[in-house]
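The primary structure of each chain is shown beneath.
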Amino acid sequence: MNYFSRYRKFVAAVVTLVVLVALMGVTARERERVMLLKQALIEAVAPVQGWFSALASGIRGGIADLQAIGRLRDENLELRAKLEAYDALLNRLRETETENERLRTLVGFTRSVEYEWVAARVVARNPDNWFSRLTINRGSLHGIAKDMPVVTHQGVVGRVVEVSANVSVVQLLTDRGSGVGALVQLSRDAGIASGQGAQSPFLSMMLFARDAVVNEGDVIVTSGLGEIYPPGLYIGRVVEVRREHYGLIKYALVRPGVEFGRLEEVLVITNSAALREGGGP
Amino acid sequence: MTQPDWFASLRSRHWVLGLSVLGALLLQGAAFPHLTVFGTKPDLMMIVVACWALLYGPQEGFLAGLGAGLLQDVVFGQYVGLFALAKCLAGFGLGVAGGKIFRESVWVSTGAAGVGILVHEVIVWACLRGLGLPAPGLALVTTALPGALYSMILTPLVFRRFLVYRLAEWAREKEMSAAGPGSSPGAARR
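For clarity, every value in this text was computed on a predicted model and none was experimentally measured.

Conventions we followed
- Residues numbered from 1 in each chain as written.
- Chains lettered and ligands numbered in written order.
- Predicted model: local features only at pLDDT ≥ 70, side-chain atom pairs only at ≥ 80, totals over all residues.
- Heavy atoms only, no water.
- Helix = DSSP H or I, 4+ residues; strand = E, 2+ residues; numbered from the N terminus.
- Buried < 20%, exposed > 50% of the residue type's maximum accessible area, 1.4 Å probe, protein only.
- Contact = heavy atoms within 4.5 Å.
- Areas by Shrake-Rupley, 256 points an atom, 1.4 Å probe, with all protein chains shown as cover.
- Pairing = 2+ DSSP bridges.
- Axes fitted to C-alpha atoms, helices over the stretch in contact; angles between N-to-C directions.
- Parallel < 35°, antiparallel > 145°, perpendicular 65-115°, else oblique.
- Left-handed = near helix turned anticlockwise from the far one by under 90°.
- Nonpolar A, V, L, I, M, F, W, Y, C, P; charged D, E, K, R; others polar.
- Core = buried A, V, L, I, M, F, W, Y, C linked by side-chain atoms within 4.5 Å.

K.L.:
Just to check I follow, could you spell out the overall build of chain A for this structure?
P.N.:
Of regular secondary structure, chain A possesses 3 helices and 12 strands. For chain A, the proportion of its 281 residues judged to be buried stands at 40%. When contacts within chain A are restricted to residue pairs at least 6 apart in sequence, those whose partners lie at least 24 apart make up 58%. About 16,000 Å² of surface is accessible on chain A, with carbon and sulfur atoms providing 58% of the total.

K.L.:
Help me out: how do you make sense of the sheet that holds strand β12 (residues 265-269) of chain A in this one?
P.N.:
For sheets, the rule is that strands pair by backbone hydrogen bonds, running either parallel or antiparallel. Residues and elements named next belong to chain A. Read around the barrel, 6 strands follow the order β1-β2-β5-β4-β3-β12 and close on themselves; strand pairing throughout is antiparallel. Pairs of neighbouring strands in the sheet enclose a mean axial angle of 45°, with direction left out of account. Examined bridge by bridge, strand β2 (residues 133-136) and strand β5 (residues 168-172) share 4 bridges and lie antiparallel to one another. When the sheet's bridge partners are listed, Thr 135 is paired in β5 with Val 169.

K.L.:
Would you take a moment to explain the sheet that holds strand β9 (residues 219-222) of chain A for this structure?
P.N.:
One closed barrel holds the 6 strands; their spatial order is β6-β7-β8-β11-β10-β9 (chain A), and the pairing between them is antiparallel. Taken over all neighbouring pairs, the strand axes of this sheet differ in orientation by 40° on average, direction set aside.

K.L.:
Could you clarify how one ought to interpret the packing of helix α2 (residues 44-56) of chain B against helix α5 (residues 106-130) of chain B in this entry?
P.N.:
A pair of packed helices is characterised by two quantities: the angle between their axes and the separation of those axes. Residue and element names in this part refer to chain B. For the pair α2 and α5, interaxial distance at closest approach is 10 Å and the crossing angle is 125°. When the axis of α2 is compared with that of α5, the two are oblique. Crossing hand, α2 versus α5: right-handed. Between α2 and α5, the residues in contact are Met 46, Ile 47, Ala 50 and Leu 54 and Ser 109, Ala 112, Ala 113, Gly 116, Ile 117 and His 120, respectively. Class assignment of the residues belonging to the contact of α2 with α5 gives a composition of 7 nonpolar, 3 polar and no charged.

K.L.:
Hey, could you run me through the nonpolar core in this one?
P.N.:
Side chains of nonpolar character tend, in soluble globular proteins, to be buried together. The biggest cluster of nonpolar side chains holds 39 residues, and the ones touching the most others in it are Ile136(A), Val157(A), Met205(A) and Leu263(A). The biggest single contributor to this core is strand β4 (residues 155-163) of chain A, with 4 residues. Sequence-distant contacts of Val157(A), defined by excluding residues within four places in its chain, comprise Val150(A), Val151(A), Thr152(A), Val170(A), Gln171(A), Leu172(A), Leu173(A), Val258(A), Phe260(A), Leu263(A) and Val266(A). Membership of the second largest hydrophobic core comes to 32 residues, among which are Leu17(B), Ala24(B), Val48(B) and Cys51(B).

Here you go:
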């Protein structure tokens with residue numbers, strides 16, 4: 001008894017460490033839904049995080065507005081010119097779309113499934129430097145499920161990895177554990193684009209073919225070969241091409257289209273399975 | 001010290017710690033991502049744990065790290081226990097160091113906190129490797145070191161100027177006044 005009371009703190013600390021290691025091992029496997037306690041805590045904390053996040057964005061937006069006043073006039077003129085150019089482009093696109101529809105009908109293609117999505121607001125990000133994840137304010141009650149792709153108008157953001165009733169956790173493309181089937185849009189050479197951690201703004205795309213044709217500036221899109229992302233979603237542009245492992249493997253360094261540090265709203269594609277089967281929208 | 005007094009002082013101290021950790025968690029998740037420098041953000045929760053461990057010793061450092069880490073794991077992490085393990089070990093180490101260094105010096109306490117935070121990052125890296133996750137050796141230089149340095153730079157603000165230190169001092173004074181005139185600061189750190 002004396003022996004135990006003398007060393008009880010040490011024993012308690014060792015037991016705690018053992019339990020933590022065991023817990024880590026148990027929770028290392030991905031699950032469809034997060035644990036009950038975890039779910040309850042995430043749900044409780046998310047609204048407060050949302051207020052903090054909105055406040056921080058407001059302050060940041062206010063500072064950015066003040067800094068931008070000087071160049072707004074020039075930017076306005078430039079945007080007007082661009083808008084006129086885009087009007088012309090839009091007309092040409094309408095022409096092309098009509099022609100495309102006509103040709104599809106001609107060769108017997110049916111129009112693929114349209115995207116269905118749920119818009120969500122980013123309420124928090126993981127606090128460490130090892131994972132790249134964010135929390136959004138939509139969950140299973142809004143039709144979100146695990147492994148659904150998350151996008152913005154700038155391109156692919158990542159995928160849903162945890163879902164609770166009103167909140168979901170998204171793993172970003174920049175996370176070291178993320179990977180997405182990708183294609184060089186022009187040459188149609190396939191590969192896997194994976195994250196290199198939050199500190200690197202680039203994705204590393206390993207190309208399957210040694211003689212794959214890829215150049216700086218090439219557009220990279222999703223291939224639809226995995227089980228998560230539908231084909232044709234914009235990932236980013238190639239900034240560098242490398243050969244590694246004695247020239248046997250070709251890598252492309254890809255700058256993602258999405259500005260992950262500035263994400264405030266995202267879209268979760270809820271019909272990605274149908275889109276994959278249908279070959280994209 | 002009578003039993004009710006001891007409990008009352010214990011509660012006030014732990015309330016301070018609990019609120020500091022919760023505040024750090026909320027700030028860290030919502031506001032600090034906007035303060036990233038080259039993709040690196042400071043670990044505010046670890047700074048709180050470091051301050052606490054330096055002020056109150058290894059046992060409190062261990063418990064503060066355990067609580068803060070578990071909260072972080074449950075709210076943000078996929079691997080429950082990962083940050084709890086790293087934070088409680090780093091908290092314990094910092095608590096031991098706190099008794100051996102001249103912690104009243106901002107420079108010494110900041111340096112000690114920096115080393116503790118780096119140890120925390122190295123433990124996380126080792127655990128990730130142990131779990132078979134992609135954590136290359138280069139990540140120690142690109143992720144662990146910048147993260148620890150950034151957090152260390154912010155430590156004096158939290159330790160000396162901001163709430164945690166002031167509140168901890170307030171809680172300690174309350175404890176000592178409850179313990180009576182014969183009590184020493186060491187009693188509060190136990």
